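Residue strings, one per chain:
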Amino acid sequence: EAAASVAPPLYGPEDLAGLQKAVKRGASPSDAAELARALLQAKLQTPCQKLIEKALADDPECAAALEVAGELALARKDPGRAASLLEKALKHSPDRYPSLSLLARAEALQGHHARAVELARAAIARQPRGPSPYETLAQVARASKDTPLLKESLEALSRVMDGNSACRVERARLSLAEGDAK
């Protein structure tokens, strides 16, 4: 769950052939990173890694490629490497909310909860209308067992997702748990 992609676009299997052709025609490292992201979302980690290595060999400062490399490191349960790659991505492109969200997840997995909250809030500031930064904040809150923060993030996520039923159910469970604790 920690490595779930927070970055659009989400490609389907039917899109992979067209994306591969674009990369073979000499697409930019950023385009190669998008294909690598699609491969990662399709759970094809080895081809994703090969493509990301090529993209980073072509342009070691490509923020999109560094971001996908960080996402791949998270998928492989290496939050330290993920954090390092995502910090580099943010150095080259500080406003990328997916990099901020992914870095927040990596920091949470390393037990750096205050930093993770700070990064998740920064991602929300850059993308206040999309659900993924709020999902990241909820993940960080769960990891740190911060019930007030979890309630806050679920309320915001529910608003952004127009009353999502999963958010309502989790908020109800939190309320019940609070009632039992009193």
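For the structure, see preceding data.
Bear in mind that the values here come from a model prediction, so they are computed numbers and not experimental data.

> When you look at the environment of Arg-126 in this model, what are you seeing that I'm missing?
With respect to the helices and strands, Arg-126 occurs in helix α7 (residues 113-126). Judged by relative accessible area, Arg-126 falls into the partly exposed class, the value being 37%. On a C-alpha basis, the gap between Arg-126 and Leu-100 in space is 9.4 Å, while along the polypeptide they are 26 residues apart. Sequence-distant contacts of Arg-126, that is, excluding residues within four places in its chain, are made with Pro-94, Asp-95, Tyr-97 and Leu-100. Within the structure, Arg-126 has its side chain in polar contact with the side chain of Asp-95 (distance 3.1 Å). Among the polar contacts listed, one links the side chain of Arg-126 to the backbone oxygen of Ala-122, at a separation of 3.0 Å.

> Help me understand helix α8 (residues 131-143), please; the structure alone is not making it clear to me.
The periodicity of an α-helix, 3.6 residues per turn, causes residues three or four positions apart to be oriented the same way. Taking 1.5 Å of rise per residue, 13 residues should cover 18 Å, and α8 covers 18 Å from first to last C-alpha, within 8% of that figure. For α8, every residue scored as buried is listed here: Ser-132, Pro-133, Tyr-134, Thr-136, Leu-137, Ala-138, Gln-139, Val-140 and Ala-141. Elements that come into contact with the buried residues of α8 comprise α6 (97-109), α7 and α9 (147-160).

> Help me understand the pattern of salt bridges in this model?
According to the stated counting rule, one finds nine salt bridges in the structure shown. A salt bridge links Arg-37 to Glu-71; the shortest N-O distance between them is 3.4 Å. Placement of the pair is Arg-37 in helix α2 (residues 29-41) and Glu-71 in helix α4 (residues 63-75), with a sequence separation of 34 residues. Residue classification places Glu-71 among the buried residues on the basis of a relative accessible area of 1%. Note that Arg-126 is salt-bridged to Asp-95, the shortest N-O span being 3.1 Å. Residue Arg-126 is found in helix α7, and its partner Asp-95 is found in the loop between α5 (79-92) and α6; the two are separated by 31 residues along the sequence. When its relative accessible area of 55% is taken as the criterion, Asp-95 is described as exposed.

Procedures and definitions
Residues numbered from 1 in each chain as written. Predicted model: local features only at pLDDT ≥ 70, side-chain atom pairs only at ≥ 80, totals over all residues. Heavy atoms only, no water. Helix = DSSP H or I, 4+ residues; strand = E, 2+ residues; numbered from the N terminus. Buried < 20%, exposed > 50% of the residue type's maximum accessible area, 1.4 Å probe, protein only. Contact = heavy atoms within 4.5 Å. Polar contact = N/O pair within 3.5 Å; in protein donor to acceptor, adjacent residues only side chain to side chain. Expected span 1.5 Å × (residues − 1). Salt bridge = Lys/Arg side-chain N within 4 Å of Asp/Glu carboxyl O.

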